[in-house]
Amino acid sequence: MSRHSAPKSPSRARGSLLRVGLTVTAAGAVVAGGGGAASAAAPQDAGPAATSGDVSPGQAVSNALHSSTVGGLGVVKGLRLDPLAGTGVDPLDNAVGTQIADFKPVSTAAVTAPITSGGALKDLPVVGPATGVLPG
């Protein structure tokens, strides 16, 4: 069957599977979010006297969001941007330079050096100081 003669609307079974998949995904997100909020709701050092009634739902969500971003962004800020840096097959290890007459030579090596030397996001000249604002 040619593509132009294929039915234009998705089949009923395909639509049903899509709805079931989206429902399961949404339910999983709710369960995961609820578990994170519940774990952040009870303080770790308060002991057995602490209950979930001590923390408002907004504070619990805020604590869960903060603890998840600290764990996630801390790792991301320290990852090497170029995993092939320092190897002989690094495609980003290239620089272009030129010199005109007696002027000082100009090169892209200074700009690409933080990446080609195996630097992380926090090591970049402009973005590095901005990552200090992020938790982690």
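Counting starts from 1 at the beginning of each chain's written sequence and moves along it residue by residue. Local features in this predicted model are restricted to residues whose pLDDT is 70 or higher, and side-chain atom pairs enter the listing and the counts only when it is 80 or higher, whereas totals over whole chains, interfaces and linings include all residues. With hydrogens and water excluded, all non-hydrogen atoms of the structure serve as input to the side-chain values.

1. Side note on the overall build of the protein
For step 1, the next point in the chain: Helix and strand definitions here come from DSSP, where helices need a minimum of 4 consecutive H or I residues and strands a minimum of 2 consecutive E residues; each element is numbered from the N-terminal end. Scanning the protein for helices and strands turns up four helices and two strands.
For step 2, the next point in the chain: Each helix (α) and strand (β) of the protein, taken in turn from the N terminus, gives the series α-α-β-β-α-α.
For step 3, the next point in the chain: Here, two residues are considered to be in contact whenever any of their heavy atoms come within 4.5 Å of each other. Look at the contacts in the protein between residues 6 or more apart in sequence, and 55% of them connect residues 24 or more apart.
For step 4, the next point in the chain: As displayed, the protein has an accessible area near 10200 Å², and 66% of this comes from carbon and sulfur atoms. Accessible areas in this description were obtained via Shrake-Rupley with a 1.4 Å probe; residue shielding takes into account the shown protein chains only.

2. Quick word on the side chain of aspartate 90
For step 1, the next point in the chain: Relative to the helices and strands, aspartate 90 is located in the loop between helix H2 (57-78) and strand E1 (97-98).
For step 2, the next point in the chain: Remark: exposure states derive from per-residue accessible area (1.4 Å probe, protein chains only) relative to the maximum for the residue type, with buried under 20%, exposed over 50%, and partly exposed in between. For the purpose of counting charges, residues Lys and Arg are taken to be positive, whereas Asp and Glu are taken to be negative. His and the chain ends are not included. A pair is scored as a salt bridge if a Lys or Arg side-chain nitrogen falls within 4 Å of a carboxyl oxygen belonging to Asp or Glu. Buried charge aspartate 90 goes without a salt bridge, the closest partner of opposite sign being arginine 80 at 7.2 Å.
For step 3, the next point in the chain: Whenever two N or O atoms come within 3.5 Å, that pair is a polar contact, provided that in protein one can donate a hydrogen and the other can accept it, and provided that, for residues adjacent in sequence, both atoms are side-chain atoms. Polar side-chain contacts of aspartate 90 include one of 3.1 Å to the backbone nitrogen of leucine 92.

3. A look at the environment of lysine 122
For step 1, the next point in the chain: The residue lysine 122 is located in the loop between helix H3 (109-116) and helix H4 (127-131) in this model.
For step 2, the next point in the chain: The class for lysine 122 is partly exposed, based on a relative accessible area of 48%.
For step 3, the next point in the chain: In the structure, lysine 122 is positioned 46 residues away from valine 76 in sequence and 9.2 Å away in space, judged by C-alpha atoms.
For step 4, the next point in the chain: Other than its neighbours up to four places away in sequence, lysine 122 contacts Lys77, Gly78, Gly128 and Thr131.

4. Things to note about the environment of serine 68
For step 1, the next point in the chain: Mapped onto the secondary structure, serine 68 falls in helix H2.
For step 2, the next point in the chain: Using a relative accessible area of 45% as the deciding quantity, one classes serine 68 as partly exposed.
For step 3, the next point in the chain: Sequence separation of serine 68 and proline 135 is 67 residues, and the distance between their C-alpha atoms is 9.7 Å.

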